[in-house]
Amino acid sequence: MNAHDRSPDPAHEEDAAPPSVRRRSFLGYVIGGATLVAAADLTLADGAVAAIPTAPQPAEAYDLNDMLTDSCRPTANLITVTVHDDGTASFALPRLEVGQGITTSTAMLIAEELELPVSKVRVTLAPARPELLFNQLTGGSNTTISTYTPIRVAAAAAKGALLEAAAIQLGDTAENLRARNGVVHAPGGSSVTYAELATRAASPVTRAVRVELKDTSEFRVIGVGQSRVDARDAVMGRKDFTTDLQVKGALPTMVCRAPTLNGTPERLRNRAEILRMPGVRNVAKVDTGIAVRADTFGQCIDAIRAMKVDWKDGPVAGLGDADIVASLRAAQAALPAPPDNPLAETIDTEVLFYFRSNSAMDTNSAIADVRKDRATIWSGLKSPITAQQRIAEALGMSQDRVKVNVVTGGGSFGRRLFFDGALEAAKISQAMGKPVKLMWHRADDARVGRGHPMSTSRIRVTHANGEVLAFQQSHTSVETDFRHGLGEIISAMAADLPAGYGNLGYAETIFALTQEVPYDFGVVAQTLTETDDRFNTGSMRNIYSPDVRCAGELVVDQLAAAMGQDAYEFRRKFLRNDRVLAVLDKVAEVGDWGRPMPKGTAQGIAIHKEYKGASACLVEIDCRPRVVDRDIRDGVGGPRVTKVTYAIDAGLVVNPRGLEAQMQGGINDGIALALTSSLHLRDGHFLEASWDNYFYTRQWNTPPEVQVVLLPSDSGQPGGAGEAGVAATFAAVACAYARATGTVPTYFPINHRDPLQFKPKPVIPPIPQSPVNGLKLTY
């Protein structure tokens, strides 16, 4: 069913979605066929009609979510809801579920408009569908924002068709009938089920219909906490990820990788010996290393550890952290000179952020079955159309000969926007002539997988007479790779233009559409400089915002101190957005801002505005020696965040329970970025090789007290939630640490230092021996 708004509301509100998606009345179509299928089409919508506000920053007028949502409109009519003759409904979601709960929230949207129980809505993941163009990209916390209206319209069109069919069967008019829980009721007490109506409601031809979406006051499903539809399967181990799939002939496969980042293989010197090892079936050289296919993954590991390979060094061979820091500082753009004003004071701050891993719990994996004339791929992919097109290109096939199946991923954090594992698996399968089940080892993920680039953020702030005159921030970063494009090959090729200019264009655009200083700080400017494309990077959760916001909020605290004001009251005075002010006030109230704290402990407070929403975080941290010097097995000590209060206005909330869970995950991410999580570059490779020495937030430094407050919103449209918990938490922890220690940190995480707090695993062989003492370490 196609939807079109012919009378958009011209009123403009700050943070409002374009009026074309705020209305309730739509024109659409019931798709012709033997089964009831309905779709939504926003192609005729008037597009972005928001007036350009007078504020100086682009993201306040048109942000990344506006861009992503607008790019989906032309193909919204290709998204369909199907009602089956068993009374259930199904929907193939053109996005990737990675634990963020979008299959649950999508089922809730359909259940709401279709008047079905959530348990009767089955949401699967759509395979790569090239006809969707920009409408099969999962990123930017945009899934619910961009699909909220099309999915509801399609479901409402299906319900309308069911009511029309019921009117004929029950001898009444559709207007007199009421649908509830998959049953249509007539005023006289007669009824008929969706199961009985599904075939009758199908239309032999595609026809136009007008649908009216529910008003928010009528919602019975949206806005009510719902447990995840896949929760039981996840807990019981029944949830299938890529390596759980059983594809005929696809045996375990792994890759021996170079001892330096992005090194390439020249020769396997003991090929015959490796092929004689137990279980080993095939060995092949590909551009990323030496692949081995065996009966078990354990046999793959044994084979890799026995390989003797001649390698060509990668592009950063011999380099370490200090070398990259020096090159970043050499590339920094000059900050404007302070004003020649004897009454003005200037604060200059520079903060360094080290490399961080973008690995998820579910390692990079893929199954590939490549034949002479066709290929089939299974993997967790956020940009499956680009993956399909690039794999076809690499295999020398036409795109229609490559089928890409999207499989649920166990985490992503931006990592699965790229399809490195799927492309590598396809190349290996083609080289071996056999189906393969490729699994990256955790050492592979940490050492050659996608990561968050190293960066510096410099800020110069000028103030006088209790007012801020200028806030200038210059962010310099190792390149963030956007060569996945907007989900298809044309925009991906544009990002891959020579000399890095194409990718830089994407980086500058995304930076401008996501970064915002929501304070009245006079002349505000934020700029981005990117350099050095030798690293494997990607859009790690929240992209630029955690680093940019952390540096910015540290300076806000310094400004408050310089003006003799309380950090919270200072923010209240200068904030220029009511939604941000509301969440700030809420965390100050609930978190008891300003309460007496023992020496060596402190509170920190910070805000963030992005994803059509606003968030604030208040933390308490303990930096006393007895905490910092804790002895932790296979871990690091250091300060501990003991309490977190987080408030968010995420617009219209589909699933409050899911939103709270997302904030809890983002909180742990922010703590990790501030305190413990980083990659150490030494001699051209990263030292970390698994979760035992990449120190994400663990049980021993997760705060005992976490409270998430969801503020009601009059937005009327959903905001993004997947990344919204990270930046404000990172910044609040940084501010708390500075207050507790009396020293403003100059780099993050604060535990990134020499001497190392762990013993690095070797790079030759590149994979450590599988542990044999696991039972001794259980409780």
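Residues numbered from 1 in each chain as written. Predicted model: local features only at pLDDT ≥ 70, side-chain atom pairs only at ≥ 80, totals over all residues. Heavy atoms only, no water.

Engineer: I'm lost on the overall build of the chain in this one. Help?
Structural biologist: For the chain, the count of helices and strands is 19 helices and 31 strands. The C-alpha radius of gyration computed for the chain amounts to 27 Å, which stays within 12% of the reference 28 Å derived for 779 residues, consistent with globular compactness. Considering only C-alpha atoms, the chain reaches an extent of 80 × 80 × 55 Å along its principal axes. In the chain, the share of contacts with a sequence separation of at least 24, taken over all contacts with a separation of at least 6, comes to 79%. Accessible area of the chain: about 29,800 Å², with a carbon and sulfur share of 52%. Between the averaged position of the 81 positive side-chain charges in the chain and that of its 87 negative side-chain charges there is a distance of 7 Å. (Helix = DSSP H or I, 4+ residues; strand = E, 2+ residues; numbered from the N terminus. Rg over C-alpha atoms; globule rule 2.2 N^0.38 Å. Contact = heavy atoms within 4.5 Å. Areas by Shrake-Rupley, 256 points an atom, 1.4 Å probe, with all protein chains shown as cover. Lys, Arg positive; Asp, Glu negative; His and termini not counted. Charge placed at Lys NZ, Arg CZ, Asp CG, Glu CD.)

Engineer: What is the right way to look at unusual backbone geometry in this model?
Structural biologist: Excluding glycine, most residues fall at negative phi; most peptide bonds, likewise, are trans. Following Phe-748, the chain continues to Pro-749 via a peptide bond in cis, the omega torsion being -5°. Structurally, Pro-749 is set in the segment after strand E31 (747-748). At the junction of Ile-764 and Pro-765, the peptide bond is cis and its omega measures out at -5° in the coordinates. Along the polypeptide, Pro-765 turns up in the segment after E31. Positive phi is not limited to glycine here, since Asn-262 has a value of about 60°. Along the chain, the position of Asn-262 falls in the loop between strand E10 (251-256) and strand E11 (264-268). Taking the relative accessible area as the measure of exposure, Asn-262 reaches 32% and is therefore partly exposed. Of note in the backbone geometry, Asp-592 takes a positive phi value of approximately 60° without being a glycine. (Buried < 20%, exposed > 50% of the residue type's maximum accessible area, 1.4 Å probe, protein only.)

Engineer: I'm lost on the pattern of salt bridges in this one. Help?
Structural biologist: A side chain with one charge may pair with a side chain of the opposite charge, provided their charged atoms come close. Here the structure, examined in full by the defined rule, presents 50 salt bridges. By sharing partners, the salt bridges in this structure join Arg-415, Asp-420, Arg-450, Glu-479, Asp-481, Arg-483 and Asp-496 into a single network. (Salt bridge = Lys/Arg side-chain N within 4 Å of Asp/Glu carboxyl O.)

Engineer: When you look at the sheet that holds strand E25 (residues 601-610) in this model, what are you seeing that I'm missing?
Structural biologist: Hydrogen bonds between backbone groups are what pair the strands of a sheet, and the pairing can be parallel or antiparallel. Spatially, the 4 strands line up as an open sheet ordered E25-E26-E27-E30, and their pairing is mixed. At either margin of the open sheet sits one strand with a lone partner, and together these are E25 and strand E30 (705-710). Geometrically, the sheet is characterised by an average inter-axis angle of 10° between neighbouring strands, direction not taken into account. Pairing analysis gives 10 bridges linking E25 to strand E26 (residues 613-622), with the strands arranged antiparallel. Looking at the pairing, Thr-601 lines up with Asp-622 of E26. Across the sheet, helix H18 (residues 656-675) lies against E26, strand E27 (640-649) and E30, angled at about 135° from E27, the strand it touches most. (Pairing = 2+ DSSP bridges. Axes fitted to C-alpha atoms, helices over the stretch in contact; angles between N-to-C directions.)

Engineer: Help me out: how do you make sense of the domain arrangement of the chain in this one?
Structural biologist: Many authors give the size of an interface as the accessible area that is lost as the parts come together. When its domains are assigned, the chain resolves into domain 1 (3-235), domain 2 (242-314 + 364-439) and domain 3 (321-355 + 451-748). Here the C-alpha centroids of domain 2 and domain 3 sit 36 Å apart. If you look at the interface, domain 2 gives 13 residues, while domain 3 gives 23 residues. Surface buried jointly by domain 2 and domain 3 totals about 1,400 Å² across both partners, of which 59% is contributed by carbon and sulfur atoms. It is Leu-261, Phe-413 and Phe-418 in domain 2 that bury the most area against domain 3; as a group they hold 40% of the surface buried on that side. Our count for the contact surface shared by domain 2 and domain 3 stands at 0 salt bridges. Where domain 2 meets domain 3, there are 9 residue pairs in polar contact (both at pLDDT 80 or more). Taken together, the residues that form the side of domain 2 that touches domain 3 break down as 6 nonpolar, 6 polar and 1 charged. (Domains from an automatic or database assignment. Buried area = accessible area lost by both parts, 1.4 Å probe. Polar contact = N/O pair within 3.5 Å; in protein donor to acceptor, adjacent residues only side chain to side chain. Nonpolar A, V, L, I, M, F, W, Y, C, P; charged D, E, K, R; others polar.)

Engineer: Where do I start with H18 in this structure?
Structural biologist: An α-helix turns once per 3.6 residues; consequently, residues spaced three or four apart project the same way. Compared with the 28 Å implied by 1.5 Å per residue over 20 residues, the 29 Å span of H18 between its first and last C-alpha is a close match. The buried fraction of H18 is high, at 14 of 20 residues. (Expected span 1.5 Å × (residues − 1).)

Engineer: Could you clarify how one ought to interpret the packing of helix H15 (residues 567-574) against helix H16 (residues 578-590) in this entry?
Structural biologist: Packed helices, taken two at a time, are described by the angle between their axes plus the distance between the axes. Contact geometry for H15 and H16: axes closest at 10 Å, N-to-C directions at 160°. When the axes of H15 and H16 are compared, the pair comes out roughly antiparallel. The crossing of H15 and H16 is left-handed. Residues Tyr-568, Arg-571 and Arg-572 of H15 form the contact with H16, whose participating residues are Leu-581, Leu-584, Asp-585 and Ala-588. Across the contact of H15 with H16, the residue classes break down as 4 nonpolar, no polar and 3 charged. (Parallel < 35°, antiparallel > 145°, perpendicular 65-115°, else oblique. Left-handed = near helix turned anticlockwise from the far one by under 90°.)

Engineer: Explain the nonpolar core to me, please; I cannot follow it from the model alone.
Structural biologist: It is characteristic of soluble globular proteins that their nonpolar side chains tend to be buried jointly. Counting residues in each nonpolar core, the largest one holds 77 residues, and the members touching the most others are Phe-521, Leu-559, Phe-570, Ile-621 and Phe-748. Broken down by element, the residue count for this core peaks at 12 residues, all from helix H19 (residues 726-741). Apart from residues no more than four positions distant in its own chain, Phe-521 is found in contact with Val-468, Leu-469, Ala-470, Phe-471, Val-556, Leu-559, Phe-570 and Phe-574. (Core = buried A, V, L, I, M, F, W, Y, C linked by side-chain atoms within 4.5 Å.)

Engineer: Can you help me understand the side chain of Arg-356 in this one?
Structural biologist: By the secondary structure assignment, Arg-356 is in strand E16 (residues 356-357). Within the structure, the side chain of Arg-356 is placed 2.7 Å from the backbone oxygen of Tyr-354, a separation counted as a polar contact. Discounting residues that sit within four places of it in the chain, Arg-356 has contacts with Gly-451, His-452, Pro-453, Ser-455, Met-540, Asp-547, Leu-673, Ser-677, Ser-678, Leu-679 and Tyr-694.

Engineer: Can you walk me through the sheet that holds strand E19 (residues 402-406) in this structure?
Structural biologist: Pairing within the open sheet is mixed, and its 7 strands lie in the order E12-E13-E10-E20-E17-E18-E19. Edge strands, defined here as strands with exactly one partner in the open sheet, are strand E12 (280-286) and E19. Geometrically, the sheet is characterised by an average inter-axis angle of 25° between neighbouring strands, direction not taken into account. Across 3 bridges, E10 lies against strand E20 (residues 436-439) in parallel orientation. Considered in E20, the bridge of Leu-251 is made with Val-436. Sheet strands in contact with helix H7 (residues 297-306) are E10, E12, strand E13 (289-294) and E20, and its direction is about 25° off that of E10.

Engineer: What am I meant to see in the environment of Gly-502 here?
Structural biologist: Note that Gly-502 resides in helix H13 (residues 501-514). Sequence separation of Gly-502 and Arg-483 is 19 residues, and the distance between their C-alpha atoms is 8.7 Å. In contact with Gly-502, other than residues within four places in its own chain, are Ala-494, Ala-495 and Leu-497.

Engineer: Would you mind showing me how to read H13 here?
Structural biologist: In this model, H13 (14 residues) spans 20 Å end to end at C-alpha, consistent with the 20 Å of a helix rising 1.5 Å per residue. Among the residues of H13, Gly-502, Asn-503, Tyr-506, Ala-507, Ile-510, Phe-511, Leu-513 and Thr-514 are the ones counted as buried. Here the buried face of H13 lies against helix H1 (64-72), strand E23 (467-478), helix H12 (489-495), strand E24 (523-531), helix H14 (545-562) and E25.

Engineer: Even after reading the chapter, I still don't get the side chain of His-475, so can you show me in this structure?
Structural biologist: Of note, His-475 is situated in strand E23. Under the relative-accessibility criterion, His-475 is labelled buried at 1%. Aside from chain neighbours lying at most four places away, what touches His-475 is Ser-455, Thr-456, Ser-457, Phe-511, Thr-527, Leu-528, Thr-529, Tyr-544, Asp-547 and Val-548.

Engineer: I keep staring at the environment of Asp-445 and nothing clicks. Help me out?
Structural biologist: Checked against the element boundaries, Asp-445 lands in helix H11 (residues 442-448). Measuring from C-alpha to C-alpha, the distance between Asp-445 and Gly-591 comes to 38 Å, with 146 residues separating the pair along the chain. The residues touching Asp-445, leaving out its near neighbours within four places in the chain, are Ser-359, Ala-360, Thr-363, Asn-364 and Trp-440.

Engineer: Is there a simple way to think about the state of the cysteines in this case?
Structural biologist: Here a disulfide denotes one covalent bond, and it connects the sulfur atoms of two cysteines. What the rule picks out here adds up to 0 disulfides. Here Cys-623 stays unpaired: no disulfide links it, and the sulfur of Cys-735, its closest cysteine neighbor, is 13 Å away. For Cys-623, a relative accessible area of 13% gives the class buried. (Disulfide = S-S within 2.5 Å.)

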